[in-house]
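Close look at the chain arrangement
Chain by chain, the residues run as shown.
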Amino acid sequence: MAGQLVEGDGGIMEGGGQILRVSTALSCLLGLPLRVQKIRAGRSTPGLRPQHLSGLEMVRDLCDGQLEGAEIGSTEITFIPEKIKGGIHTADTKTAGSVCLLMQVSMPCVLFAASPSELRLKGGTNAEMAPQVDYTVMVFKPIVEKFGFEFNCDIKMRGYYPKGGGEVIIRISPVKQLNPINLTDRGSVTKVYGRAFVAGVLPFKVAKEMAAAAVRCIRKEIRDLYVNIQPVQEPKDQAFGNGNGIIIIAETSTGCLFAGSSLGKRGVNADKVGIEAAEMLLANLRHGGTVDEYLQDQLIIFMALANGVSRIKTGPVTLHTQTAIHFAEQLAKVNIPS
């Protein structure tokens, strides 16, 4: 039997899609009926966008729930969850909407499904305003698996702005419970590596230039380590459309992972893209935390669901993280002092 309806304000704090992702995932997991109002109220295009809608529909389908108000531009939804089931679930943004954001809303739900799940996510894999799929595989996956579960991420096709067309398949077996994590010891940086990619019509030299510029920038601060950034030409049959970008990872002696990344845009030279990613990585290393600014908010929901007290040490707490904490405390009745 579903509990009392929880009211969420979609216009507060981060005020965007993240409120929907955190609140619908927790609603689904905890069996709490949810109403979210003022969805993306302060944005230039208020209400649901295609990627939010496809995420909501996926969560509805994977628990046979009921969803009202689910249409493009809607500023209010009501969601009544039922029992979470495994099996194959598909979400398609039909745009360059991020597959990684689709994963953020659906993965926590299927962790506690009745049987193993396969999430087929279609949209942008390397898109602005969202983690790149390489970040999901290289940073998010190894850290989130410390909660005591494993998942497989198969990148079938990469897709870029504006067309999307990417596809990622996530395979995951359910668990009985999540274990708490303790990420408080940063250790020292032992490795720096990454990939600079071009896809479609962009020449390979762009990948080499991004990588070289990033290496030069990092060497100014990290002189004693080999910086291994591989230039990559994405195979034609594994990339839809044109794109370029870079991700750089720093690994520490205690297994912490930090990243800096950037995507190319028309008219922005390759050096600038490489330097932007390098500077982002260096900034994430300066604050002394154990997670970078993009991982902190993604871990909150797992910390809220884990059986016991988890601890992570962050740099400055981002608005996304404050938002995730607010809704985790409201829905899951947990306490997350920052």
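What this report covers is the structure whose coordinates are included nearby. (Residues numbered from 1 in each chain as written. Predicted model: local features only at pLDDT ≥ 70, side-chain atom pairs only at ≥ 80, totals over all residues. Heavy atoms only, no water.)

1. Comments concerning the overall build of the protein
Helix and strand content of the protein: 8 helices and 15 strands. On C-alpha atoms alone, the protein measures out to a radius of gyration of 20 Å, which is about the 20 Å that the 2.2 N^0.38 rule sets for 338 residues. Look at the contacts in the protein between residues 6 or more apart in sequence, and 74% of them connect residues 24 or more apart. Approximately 14,600 Å² of the protein is accessible, and the part contributed by carbon and sulfur atoms is 50%. Between the averaged position of the 36 positive side-chain charges in the protein and that of its 32 negative side-chain charges there is a distance of 4 Å. (Helix = DSSP H or I, 4+ residues; strand = E, 2+ residues; numbered from the N terminus. Rg over C-alpha atoms; globule rule 2.2 N^0.38 Å. Contact = heavy atoms within 4.5 Å. Areas by Shrake-Rupley, 256 points an atom, 1.4 Å probe, with all protein chains shown as cover. Lys, Arg positive; Asp, Glu negative; His and termini not counted. Charge placed at Lys NZ, Arg CZ, Asp CG, Glu CD.)

2. Side note on the sheet that holds strand β6 (residues 117-123)
Within the open sheet, the 5 strands sit side by side as β5-β6-β8-β7-β12. Their pairing is mixed. Strands with a single pairing partner mark the edges of an open sheet, and in this sheet they are β5 (87-92) and β12 (239-240). Relative to β5, helix α2 (residues 50-62) is tilted by about 165°, and along the sheet it contacts β5 and β6. Running at roughly 160° to β6, helix α3 (residues 99-110) makes contact with β5, β6, β7 (151-159) and β8 (166-172) of the sheet. (Pairing = 2+ DSSP bridges. Axes fitted to C-alpha atoms, helices over the stretch in contact; angles between N-to-C directions.)

3. A look at the layout of surface pockets
In this model, the second largest pocket occupies a volume close to 390 Å³. Going through the elements one at a time, α7 (296-305), β15 (311-312) and α8 (319-332) are the ones with two or more residues in the lining of the second largest pocket. Ranked by residues supplied to the lining of the second largest pocket, first place goes to α7 with 3 residues. Counted by class, the lining of the second largest pocket contains 11 nonpolar, 6 polar and 1 charged residues. (1 Å grid on protein atoms, 1.4 Å probe; cavity = no way out; pocket = protein on both sides within 12 Å on 5 of 7 lines; lining within 4 Å. Points joined across faces, edges and corners; volume = space filled by probe spheres on them. Nonpolar A, V, L, I, M, F, W, Y, C, P; charged D, E, K, R; others polar.)

4. Some remarks on the sheet that holds strand β3 (residues 66-68)
Spatially, β1-β2-β4-β3 is the arrangement adopted by the 4 strands of the open sheet, whose pairing is mixed. Sheet topology places β1 (6-9) and β3 at the edges, where each strand pairs with a single neighbour. When strand polarity is set aside, the average angle formed by the axes of neighbouring strands in this sheet is 15°. Here β3 pairs with strand β4 (residues 77-80) via 3 bridges, running antiparallel. Each bridged residue has a counterpart across the sheet, and for Q66 the counterpart in β4 is I80. The strands that α2 touches are β3 and β4; relative to β3, the one it contacts most, it runs at about 150°.

5. Remarks on the packing of α2 against α3
The N-to-C vectors of α2 and α3 enclose an angle of 10°; their axes lie 9 Å apart at closest approach. Put simply, α2 runs roughly parallel to α3. As α2 packs across α3, the resulting crossing turns out to be right-handed. Taken together, the residues of α3 that come into contact with α2 (itself represented by Q51, S54, G55, M58, V59 and L62) are L102, V105, S106, C109 and V110. Residue composition of the contact of α2 with α3, by class: 7 nonpolar, 4 polar and no charged. (Parallel < 35°, antiparallel > 145°, perpendicular 65-115°, else oblique. Left-handed = near helix turned anticlockwise from the far one by under 90°.)

6. Brief notes about the side chain of T136
Mapped onto the fold, T136 is located in helix α4 (residues 133-144). The contacts of T136, once residues within four sequence positions are left out, are C100, M103, P131 and K141.

7. Brief notes about the pattern of salt bridges
A full pass over the atoms with the stated rule returns 20 salt bridges. Across the pair E14 and R43 runs a salt bridge, and its minimum N-O distance is 3.5 Å. Linking E14 in the loop between β1 and α1 (17-30) with R43 in the loop between β2 (34-37) and α2, this pair joins segments that are 29 residues apart in sequence. Residues R60 and D61 are paired through a salt bridge, measuring 2.9 Å at the closest nitrogen-oxygen approach. Taken together, the shared-partner salt bridges in this structure form one network comprising E118, R120, D154, K156 and R171. (Salt bridge = Lys/Arg side-chain N within 4 Å of Asp/Glu carboxyl O.)

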